[in-house]
Amino acid sequence: MALPKLATPEYHLKLPSNGAEVKYRPFLVKEEKVLLIAVESGDEKQMTSAISKILEDCVKFSDDTKIGDLPTFDVEFLFLNLRAKSIGETIK
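What this report covers is the structure whose coordinates are included nearby.

How each quantity is defined
- Residues numbered from 1 in each chain as written.
- Predicted model: local features only at pLDDT ≥ 70, side-chain atom pairs only at ≥ 80, totals over all residues.
- Heavy atoms only, no water.
- Phe/Tyr/Trp six-rings, centres within 6.5 Å; stacked < 30°, edge-to-face > 60°.
- Helix = DSSP H or I, 4+ residues; strand = E, 2+ residues; numbered from the N terminus.
- Buried < 20%, exposed > 50% of the residue type's maximum accessible area, 1.4 Å probe, protein only.
- Lys NZ or Arg CZ within 6 Å of the ring centre and 35° of its normal.
- Axes fitted to C-alpha atoms, helices over the stretch in contact; angles between N-to-C directions.
- Parallel < 35°, antiparallel > 145°, perpendicular 65-115°, else oblique.
- Contact = heavy atoms within 4.5 Å.
- Nonpolar A, V, L, I, M, F, W, Y, C, P; charged D, E, K, R; others polar.

Inspection of every chain in the model, using the stated rule, returns one aromatic pair. An angle of 35 degrees between the planes, with centres 5.7 Å apart, marks the rings of Tyr 11 and Tyr 24 as tilted. Placement of the pair is Tyr 11 in strand β1 (residues 11-14) and Tyr 24 in strand β2 (residues 21-24), with a sequence separation of 13 residues. Take Tyr 11: its relative accessible area is 27%, and that puts it in the partly exposed class. Its relative accessible area of 4% is what places Tyr 24 among the buried residues. Above the face of the Tyr 11 ring, Lys 85 is positioned so that its terminal group lies 4.7 Å from the ring centre.

Attention shifts here to the packing of helix α1 (residues 29-41) against helix α2 (residues 44-58). Contact geometry of α1 with α2 gives a least axis separation of 8 Å together with a crossing angle of 170 degrees. When the axis of α1 is compared with that of α2, the two are roughly antiparallel. Each of Glu 31, Val 34, Leu 35, Ile 37, Ala 38, Val 39 and Ser 41 in α1 lies in contact with α2, whose residues at this interface are Gln 46, Met 47, Ala 50, Ile 51, Ile 54, Asp 57 and Cys 58. A breakdown of the residues in the contact of α1 with α2 according to their chemical character gives 10 nonpolar, two polar and two charged.

All right, on to the side chain of Asp 74 then. Within the secondary structure layout, Asp 74 lies in helix α3 (residues 72-86). Ignoring any residue separated from it by four or fewer positions in sequence, one finds Asp 74 in contact with Leu 15, Pro 16 and Ser 17.

Here is the structure:
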C-alpha cells in the first residue's frame, strides 16, 4: 500500500515585470527549516541560496523560465507572496 499524497493548495500570480502568470504552492516544513537554518547562519550567500531553492521547489512557470533569470524585484515579489500564503501576512 502506497503512502497517501498530501494535497497542497495552488495559487496563481502575475509577475510585475512581464505579466506572466505563475502557479505556486505554500512552502512546507522542510523548506521552512532550510530558510530558518540559513537565517540563523547570518551568511548572505546562504540566505540567497535558500530563497532561490525554495522558490524553485514551490513555483511552476508555464515556460522554461528559471529563478536566476528573473529580475530581483520579481524574486522578492514571488517570495513575499509565497511567505504570505505559507506563514501569514503579519510579521512580528
